[in-house]
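# Examining the three-dimensional arrangement
One-letter residues, chain by chain:
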Amino acid sequence: MRLQDADLDSVLSVSLDSAPEAGPSSAAGPSNGHNGIAVKSNGFAQPFTNGASNGTSKLHMQDGTDGHGTDKRMPITRVSLPGSTLYDDSYVDREEFVRLVIQSLRDVGYIESAATLEAESGYTMEMPEVSEFRKCILDASWDRADAILLRLGVGDERLWEARFLISQQKYLELLEAHKTTAALHVLRTELAPMNVDSEQLHSLSSLMMCSDSEDLRQRAGWDGATGTSRRRLLVNLQQYIPSSVMIPQRRFATLLDQARVWQQSQCLYHNAPLNSRTFSLYTDHHCDKNAFPQITTAILEGHTDEVWNLEWSHNGHYLASASKDKSAIIWRVEFDRDPAVRMYRTEHILRDHPFPVGCVAWSLDDSVLLTAAEHCIKMWNTRTGVCTRVLEVHTDHVTALAWLPDNSGFISGGMDRKIILWDSDGKQRDTWGITPIRVTDLIVTPDYTRLIAGGAYDTPSVPPNATSDTGTPPHGGAAANGARSEEYRIIIYDLATKQPETSIPIEGGQLTSVKVTADSQYVLINSAQVAAGSNSEIHLLDLNTERIVRKYTGHTQHGDVLRSCFGGTDGTFVASGSQDRNVYVWHRDSGTLLEVLSGHGEGSVNAVAWNPRNERMFASCSDDKTIRIWEAPPVDVLGAPADISEHPEHESWKGKGKGRERWDRNGYGLDASSASALI
């Protein structure tokens, strides 16, 4: 959009001595060779031509002879450049680019710089009508805003939609101001004639019955005239106005964010939090593979039989493990300490279980740990290690425990087809009744809207006190008594009503694990394949489309209970154990297998859990009776990641309950002299 002569005079009238609202910087900065200003170290700027100008660009100068300075406003000559693209070999339109730069300069507060660029380039960010329209919306000048809409290029077929949004805001503000008569007039003469959906119109008219302004705002999902509603209205109106006329807000920042997201999606080992140190405009984003957790830094030994499950506390300092030896252990892991002085120790050994322990679950404040041993649930005080309550309502193996996102209680599910809701103190609050599936795992979505349960459809029951002597948990892939369902399902329940929303059949064998992403959109499903020659797969289910969008392969699961997890920054990775003794890690979005980590002994790696506070640490547990802590390779003396090939597996890394790691150039792991026995 070119500046007219009158607009140019307006731009040039901006004084550098003025104080714009956003507070532009008045300090001289270093030149990058493109702004036409050479900045000396003493802070004095000297004008020069950039070779493309048809004249010399000049700035405001001050005559300091009188000690106060006299403002001498000098004209800025418009620069004429050939072509219409940014560069000769570029497809980027120069006018679009410059207008976005002007918008960005204004957004961050460089008002005079933006005015100078408008004058020098001849492009203006937006027409005066756009600025006036924006001001009318923010100042609630509704009639004037409606009149300007026609001049902003809004098509006739969508004009009424934009007018409806403006009239709706006008109506709500009148109701909020208790001007019921005026609001009723707007409803009858402006909103009703637009032939909007009758249900929507009825919903708006019902707001007139609100008892007060707070009730109105709550029922309308609207934060009022003094909130952000007018600015949100501007954003909504943007879709009706051509973007070339009214540039979307912070457009440059949006484009940069899109570039960041795309670069992160291409970085298979991306595992760094978003900040100015991990993402720079100067270079493409790339995470070092050596910073990925792939080395065993500790082996926790304390269980006397297979370790079936484990879960980190929410603060990341404790790890709970469940074992076939009828015990659960709470481990202290100082993940935030320097590896050279890090300690691993047992905080509590929870022994009093009548059967092998298959499940553990931390409350959100980490004060309570739940354990499940067959049909029995126990609640433990994590500070004292004392059992505070025993819950025996289930009549078959309890296979899943999940706390509610608000910590008000927890949910249990079992092979008896029962899903039970408990208060945080262990009192039964409600139940889902008898479900169509024998529940093998369940989870509550973080947005507190849905319960996702998986299991075998219409499988015969198992005696409640039947114990399993196999090498897997009793609710494992090989169903008790050898009985097996031919169909396995994921059932999604509305958490508030407890009614099923949908039931999704899952190909393969028994479902053994269900996990959900932090945004409540995707579910990770482990299943034990039973068909001869079939490949083991972990499925990623999109809850919005109810379709499998990704499959992860390479591991082995043909009968054992394996529990996978999301991990890393933003749940970038999928990690799972395997019956071949290895830990497998995939890139979640692409399905690429990144790492196959060896180290565990004979038997299956039953579960993997990623530390919620340290994206570079996870734990795995195995039939070999141990738990392994995995981290990134150490940093050598020069500050560069050490080559992991220089650090072969050492059994002396075992951290028997309480130990201190030693890092040196000759070995990597735990100093054997500092390790002490657990029991």
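All figures in this text were calculated on a predicted structure; none of them were measured in a lab.

Analysis parameters
- Residues numbered from 1 in each chain as written.
- Predicted model: local features only at pLDDT ≥ 70, side-chain atom pairs only at ≥ 80, totals over all residues.
- Heavy atoms only, no water.
- Pairing = 2+ DSSP bridges.
- Helix = DSSP H or I, 4+ residues; strand = E, 2+ residues; numbered from the N terminus.
- Axes fitted to C-alpha atoms, helices over the stretch in contact; angles between N-to-C directions.
- Buried < 20%, exposed > 50% of the residue type's maximum accessible area, 1.4 Å probe, protein only.
- Expected span 1.5 Å × (residues − 1).
- Contact = heavy atoms within 4.5 Å.
- Polar contact = N/O pair within 3.5 Å; in protein donor to acceptor, adjacent residues only side chain to side chain.
- Salt bridge = Lys/Arg side-chain N within 4 Å of Asp/Glu carboxyl O.

The antiparallel open sheet is built from 4 strands, whose spatial order is 10-11-12-13. Both outer strands of the open sheet, strand 10 (359–362) and strand 13 (386–391), are each paired with one neighbouring strand and no more. When strand polarity is set aside, the average angle formed by the axes of neighbouring strands in this sheet is 20°. As paired elements, strand 12 (residues 376–381) and strand 13 share 5 bridges and run antiparallel to each other. If you follow Met 379 over to strand 13, its bridge partner there is Arg 389.

Further remarks concern helix 3 (residues 111–121). Within helix 3 the residues assigned to the buried category are Glu 112, Ala 114, Ala 115, Glu 118, Ala 119, Glu 120 and Ser 121. Count one or two residues on from helix 3 and you reach Gly 122, which has phi positive near 85°.

Below, the discussion takes up helix 2 (residues 94–108). Here helix 2 spans 21 Å end to end across 15 residues, near enough to the 21 Å set by a 1.5 Å rise per residue. Buried within helix 2 are the following residues: Arg 94, Val 98, Arg 99, Leu 100, Ile 102 and Gln 103. Buried residues along helix 2 sit against helix 3 and helix 11 (251–266). Its side-chain oxygen placed 3.0 Å from the backbone nitrogen of Glu 95, Asp 93 serves as the N-cap of helix 2. Taken from the residues just after helix 2, Gly 109 is the one with a positive phi, measuring 110°.

Turning our attention to the sheet that holds strand 21 (residues 500–506). Strand order in the open sheet formed by 4 strands is 18-19-20-21, with antiparallel pairing between adjacent strands. Either end of the sheet is taken by a strand with one partner, and the two such strands are strand 18 (437–444) and strand 21. The average undirected angle you get between the axes of adjacent strands in this sheet is 20°. Here strand 19 (residues 450–457) pairs with strand 20 (residues 488–494) via 7 bridges, running antiparallel. Following the sheet pairing, Ala 453 is matched in strand 20 by Ile 491.

Buried residues dominate strand 22 (residues 511–516), accounting for 5 of its 6 residues. Sheet analysis places strand 22 next to strand 23 (residues 522–527), joined by 5 bridges and oriented antiparallel. By the bridge assignment, Val 516 is partnered in strand 23 with Val 523.

A word on the pattern of salt bridges. For the coordinates displayed, the defined rule picks out 24 salt bridges. Of the charged contacts in the structure, one is a salt bridge between Arg 232 and Asp 223, with a shortest N-O distance of 3.5 Å. Accessibility expressed as a relative area gives 29% for Asp 223, which makes it partly exposed. Across the pair Arg 429 and Asp 423 runs a salt bridge whose closest N-O atoms are separated by 2.6 Å. In this structure Arg 429 comes out as partly exposed when scored by relative accessible area, which is 38%. Three or more residues are tied together by salt bridges with common partners; here these are Asp 143, Lys 170 and Glu 190.

Shape descriptors only; they carry no functional weight alone.
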